[in-house]
Structure formats: structure tokens, C-alpha cells
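# Residue-level structure breakdown
The lines below spell out each chain.
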Amino acid sequence: IRARDVTGVQTCALPISQDGYKTVLNETEVAFDAADMIRVGRDIFYKRSTTANLLGLKWLRCEFPHLRFHLVHIPSDGRRHLDTTLTPLRPPTTGSDGILLINPERAPLAAEMELWTCNEWKPTYCPPPATRALSPVALCSENLHMNMLSLSPTCVIIEEAEVAMFHFLEDLGFDVIKIGRAHV
């Protein structure tokens, strides 16, 4: 679909997706982004976004029938990746709930959280990032503090400036390794 703006330059009109946000993707080619998926055992949670379409989800389901794919709907403008929205930190074990880190600004819908809570995951809201300052040309979320590396069910690596996240994770019983942004 083409539209003309007020200057007369031809621009591309962005279609509105079923989730309500504008996207440049259509459904004619497979498109998906690893940052819009989270794997937990045999389950893969998939977020439709400006880099992941429904055809991508369909292709993944066909190529990997032994895995279970779940489409999640996160209230956002579609530009935010799933890994800055929810992060499974520790799986449930006998006598202990799993820990699911949730971005309080973009929490999953209550009906979708039920899949986690019914399977003994405890949703835990993370603290805000140390800074929201981003470069004007940044193509990332201000919530990169949620994008961490889990080395084990008890050890994670985070960016060293994220002091609130460091204390938050320590309070949850994690060993936390801090690394400077240049090394993350």
C-alpha cells in the first residue's frame, strides 16, 4: 500500500497488525527474530513483532514439530523484543517455584500468564533500568537490563551499571556476575 505525505514524497503506509501496532512486515515471506522467542524445555514462546511474523511461526512449527510454540501477545508497539519483556530465570523444582522476570511496563496478558503460573512459575517484576538514556539512533529497548545470560539456575551475568538489578537478583538467591557494557 502506498501513500503520499504532505511533501509529495512517496512513503510506504504501514499496515496495522492484529495486535494493533504498525509493522513493516507482511505475511508473504518467513520472518522471525531470535530475540522475539524464548525457549523453556520443549516450549518456545513467540512474539509477533516488527521482525517476526505469523508465517515465521508457521514455518517454525512445521520444521520443528517436536517443539511446542506458543504465540504471546505483549501490550507494546511491536518494536520491543520478548527478551526485554519476560525472562525465565530459574525453572521450577520440587518444593520451589520457578522465577519468571517480568517487565512491569509490558506485562503479558493475564490469560497468557496462566500458562506460567499453572506450571509453578512465579512472576516477579524487575526493577527499572539504571538509565533510560539511549542514543537517538539506537534500535534497542531501554529495558536491555533484562537481557542477561543465565549460566545456571543460580548464576547470571548482567551489565555492571545495573545496580538495582544486581541487588534484586541477589535477593532472589542468584550469584550475579557483573560485566561492563563493552563486554556484554
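This report concerns the structure included in the present document. Counting starts from 1 at the beginning of each chain's written sequence and moves along it residue by residue. In view of the model being predicted, local features appear only for residues whose pLDDT reaches at least 70, and side-chain atom pairs are presented and counted only at 80 or more, with totals across whole chains, interfaces and linings using the full set of residues. Computation of side-chain values: all heavy atoms of the structure, hydrogens and water removed.

### Considering the environment of Cys-126
Relative to the elements of secondary structure, Cys-126 occurs in the loop between β8 (121–125) and β9 (149–152). For each residue, the accessible area found with a 1.4 Å probe, counting protein chains only, is set against the maximum for its type, and the residue is called buried under 20%, exposed over 50%, and partly exposed in between. Note on Cys-126: relative accessible area 6%, which makes it buried. It is 9.0 Å that separates the C-alpha atoms of Cys-126 and Leu-169, two residues lying 43 residues apart in sequence. The helix count covers DSSP runs of H or I at least four residues long, the strand count covers runs of E at least two residues long, and both are numbered beginning at the N terminus.

### Observations regarding the pairing of strand β4 (residues 43–47)
Of all 5 residues making up β4, 5 are buried, and the element is well covered by its neighbours. Covered by surrounding structure in β4 are Asp-43, Phe-45 and Lys-47 together with Ile-44 and Tyr-46, the residues of both alternating faces. Between any two strands, at least two bridges found by DSSP are needed for them to pair. Strand direction decides the pairing type here: strand β3 (residues 37–40) and β4, joined by 4 bridges, are antiparallel. In the strand pairing of β4, Val-40 is matched with Asp-43. Following β3, the chain reverses through 2 residues before pairing antiparallel with β4; Gly-41 in that reversal takes a positive phi of roughly 65°. The pairing of β4 with strand β5 (residues 68–72) spans 5 bridges and is parallel. Its bridge partner being in β5, Tyr-46 is matched across the sheet by Leu-71.

### Re the nonpolar core
For our purposes a nonpolar core is just a set of buried Ala, Val, Leu, Ile, Met, Phe, Trp, Tyr and Cys residues, chained together by side-chain atoms within 4.5 Å. Ranked by size, the top nonpolar core spans 14 residues in total, and within it Leu-89, Leu-101, Met-148, Val-156, Ile-158, Met-165 and Leu-169 carry the most contacts. Taken together, the elements giving at least two residues each to this core come down to β7 (98–102), β10 (155–159) and α3 (163–171). Per element, the largest residue contribution to this core is 4 residues, and it comes from α3. With residues up to four places along the chain from it excluded, the contact list for Val-156 reads Leu-89, Met-148, Leu-149, Ser-150, Leu-151, Leu-169, Phe-174, Asp-175, Val-176 and Ile-177. If you look at the next biggest cluster of nonpolar residues, it comprises 12 residues, including Val-40, Phe-45, Val-72 and Met-113. Pairs of residues are marked as contacts when any of their non-hydrogen atoms sit within 4.5 Å.

### Brief notes about the pattern of salt bridges
When a carboxyl oxygen of Asp or Glu is within 4 Å of a side-chain nitrogen of Lys or Arg, the pair counts as a salt bridge. Applying the stated criterion across every chain yields a total of 2 salt bridges. Glu-27 is the salt-bridge partner of Arg-48, the closest N and O atoms lying 3.3 Å from each other. Of the two residues, Arg-48 sits in the loop between β4 and α1 (54–63) while Glu-27 sits in the loop between β2 (10–12) and β3, which places them 21 residues apart along the sequence. Arg-48 sits in the buried class, given a relative accessible area of 11%. For Glu-27, a relative accessible area of 34% puts it in the partly exposed group. Taking the shortest distance from any N to any O, the salt bridge between Asp-43 and Arg-68 comes out at 2.8 Å. A residue pair is termed long-range when its members are at least 10 positions apart, and Asp-43 in strand β4 and Arg-68 in strand β5 qualify at 25 residues.

### Side note on α3
Where α3 is concerned, the buried positions are Met-165, Phe-166, Phe-168 and Leu-169. Projected onto a plane normal to the axis of α3, the buried residues spread over an arc of 165° and lie on a single side. Taken from the residues just after α3, Gly-173 is the one with a positive phi, measuring 95°. Throughout, the arc means that of the directions going from the helix axis to the C-beta atoms.

### Structural notes on the sheet that holds β4
Strand pairs in the sheet, formed through backbone hydrogen bonds, run parallel or antiparallel to each other. Ordered by their spatial adjacency, 3 strands build an open sheet running β3-β4-β5, and the pairing between neighbours is mixed. Of all strands in the sheet, those bounded by a partner on one side alone are β3 and β5. Adjacent strand axes in the sheet meet at a mean angle of 20° when their direction is disregarded. Axis definition: a line fitted to C-alpha atoms, limited for helices to the stretch in contact. Angles are taken between N-to-C directions and run from 0 to 180 degrees. Sitting on the sheet, α1 touches β3, β4 and β5, and the angle it makes with β5 is about 165°. Contacting β3, β4 and β5, helix α2 (residues 110–117) runs over the sheet at an angle of about 145° to β5.

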